[in-house]
Amino acid sequence: MCWSATADLVAGAAIAAVGGASVSLAARRPRDLPLAALPLLLGVHQIIEAAVWHNDGGTGPATLAWSVIALPLLALWVPAAVLCTAPPSARRRLLVPLTAGVATAAALTHALATRTVTAEIRGHTIGYSLGLPQAELVVIGYLMATVGSLLLSGDRGLVLFGVLVAVGAAVSFVLWRQEYISTWCAFAALFSVLLALWVGRRRPPVPGPSGRRGP
């Protein structure tokens, strides 16, 4: 995130707390749990970046852990979580961003396994460097997987979240091109608190007369 280790730590703790509440709210709808847990994951992600700040960047375990979450894990987690919660009518089209996510996560996992990711403190931001070959294709696949799955979900709350994440990506690219990954993840983490509201408005299935769940 921008500014400092303290900002990352405080924001991460607050977002993770919201994520814990979101998971609790989703307990009666297991299909919503992966998406409800996203603020918790992103909050922990910001806390990990506080450790990157304290280590003055570099190539240590905190940098690698941050990169694993930011790159392959989120590329796969977001489209899979959206697919889990989507109605049957939307699942076929959501296979497209899921496929993009699988391919992108595989490419990023290979890159992290064969290259060294480096974090560099740049004023009030952190830049991460991995030296990806064909980085433009990877970015397109990542955007298709994450933003694309939200926009194709057919759910107004998730579409709104997707629009905000897309705006955050655009702002990060324009203002912090060299620190794009870090600042975009910070925007996504802040916007993810909306998922707690989304989960809270979802009603659990109503039991039928025989005690079974209704349709």
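For the structure itself, look to the data block above.
Residues numbered from 1 in each chain as written. Predicted model: local features only at pLDDT ≥ 70, side-chain atom pairs only at ≥ 80, totals over all residues. Heavy atoms only, no water.

Remarks on the overall build of the protein chain
Stated precisely, the cut-off is as follows: Strands are runs of DSSP state E lasting at least 2 residues, helices are runs of H or I lasting at least 4, and numbering of each runs from the N terminus. Using a 1.4 Å probe on the protein chains alone, a residue whose accessible area is under 20% of its type maximum counts as buried, one over 50% counts as exposed, and one in between counts as partly exposed. We call two residues in contact whenever any of their non-hydrogen atoms come within 4.5 Å of each other. To be clear on the numbers: accessible area is Shrake-Rupley with a 1.4 Å probe, and residue cover counts the displayed protein chains and nothing else. Note on charges: Lys and Arg go in the positive column, Asp and Glu in the negative column, and His and the chain ends are not counted at all. By convention, the charge on Lys lies at NZ, on Arg at CZ, on Asp at CG and on Glu at CD.
The number of helices and strands found in the protein chain is nine helices and two strands. In the protein chain, the succession of helices and strands from N to C terminus is α-α-α-α-α-β-β-α-α-α-α. Dimensions along the principal axes, computed over C-alpha positions, put the protein chain at roughly 60 × 35 × 30 Å. Expressed as a percentage of its 215 residues, the buried residues of the protein chain come to 44%. Within the protein chain, contacts between residues separated by at least 24 positions form 70% of all contacts whose residues are at least 6 apart in sequence. For the protein chain, the accessible surface area stands at approximately 10,700 Å², while carbon and sulfur atoms represent 68% of it. On the protein chain, the mean spot of the 15 positive side-chain charges and the mean spot of the 8 negative ones are 23 Å from each other.

Some details on the packing of aromatic side chains
Geometry of an aromatic ring pair is reported as the spacing of the ring centres plus the angle between the planes. As a reminder, the rule being used: Centres within 6.5 Å make a pair out of two Phe, Tyr or Trp rings, where for Trp the six-membered ring is used; the pair is then stacked when the planes are under 30 degrees apart, edge-to-face when over 60, and tilted otherwise.
Enumeration according to the criterion identifies three aromatic pairs in this entry. Measuring from centroid to centroid gives 3.9 Å for W66 and Y128, while their planes differ by 0°, and the two rings are stacked. Residue W66 is found in helix α4 (residues 61–85), and its partner Y128 is found in strand β2 (residues 125–129); the two are separated by 62 residues along the sequence. The same class applies to W66 as to Y128, namely buried. Consider the rings of F187 and F191, whose centres lie 6.1 Å apart with planes at 20°: the pair is stacked. Of this pair, F187 and F191 both sit in helix α8 (residues 180–191), four residues apart, which is roughly one turn of that helix. Take F191: its relative accessible area is 22%, and that puts it in the partly exposed class.

Observations concerning a nonpolar patch on the surface
Rule in force here: Patch membership is restricted to residues that have no salt bridge and whose relative accessible area is over 30%. Joining uses 9 Å for like charges and 5 Å for the nonpolar side chains Val, Leu, Ile, Met, Phe, Trp and Tyr. Basic side-chain nitrogens of Lys or Arg form a salt bridge, by our definition, when they fall within 4 Å of a carboxyl oxygen of Asp or Glu.
A surface patch of nonpolar side chains, amounting to about 590 Å² of accessible area, comprises L151, V163, V167, V171, F173, V174 and L175. The element that contributes the greatest number of residues to the nonpolar patch is helix α7 (residues 156–175), accounting for six residues. Given the relative accessible area of 41%, L151 is considered partly exposed.

Section: the environment of A36
Among the secondary structure elements, A36 is positioned in helix α2 (residues 33–36). For A36, the residues in contact, after removing those within four places along its chain, are G19, S22, V23, A26 and V199.

Regarding the nonpolar core
Stated formally: Put simply, buried Ala, Val, Leu, Ile, Met, Phe, Trp, Tyr and Cys residues joined by side-chain atoms within 4.5 Å make one nonpolar core.
The biggest cluster of nonpolar side chains holds 51 residues, and the ones touching the most others in it are L35, L38, L74, W184 and L195. Ranked by the residues each element gives to this core, the list is headed by α4, at eleven residues. In this view, L74 contacts L38, L41, L42, I69, P79, Y142 and T146; residues no more than four positions away in its chain are not counted.

Let's talk about the pairing of strand β1 (residues 118–122)
Consecutive side chains of a regular strand alternate in pointing toward one face of the sheet and then the other. To be explicit about the condition: Note: two strands are recorded as paired if DSSP finds a minimum of 2 bridges between them.
By the bridge criterion, five bridges tie β1 to β2 in an arrangement that is antiparallel. Across the sheet, the residue bridging to A119 is Y128, located in β2.

Observations regarding the pattern of salt bridges
Taken as a whole and assessed by the stated rule, the structure comprises four salt bridges. Linked through salt bridges whose partners overlap, the residues forming this network are R29, D32, D155 and R202.

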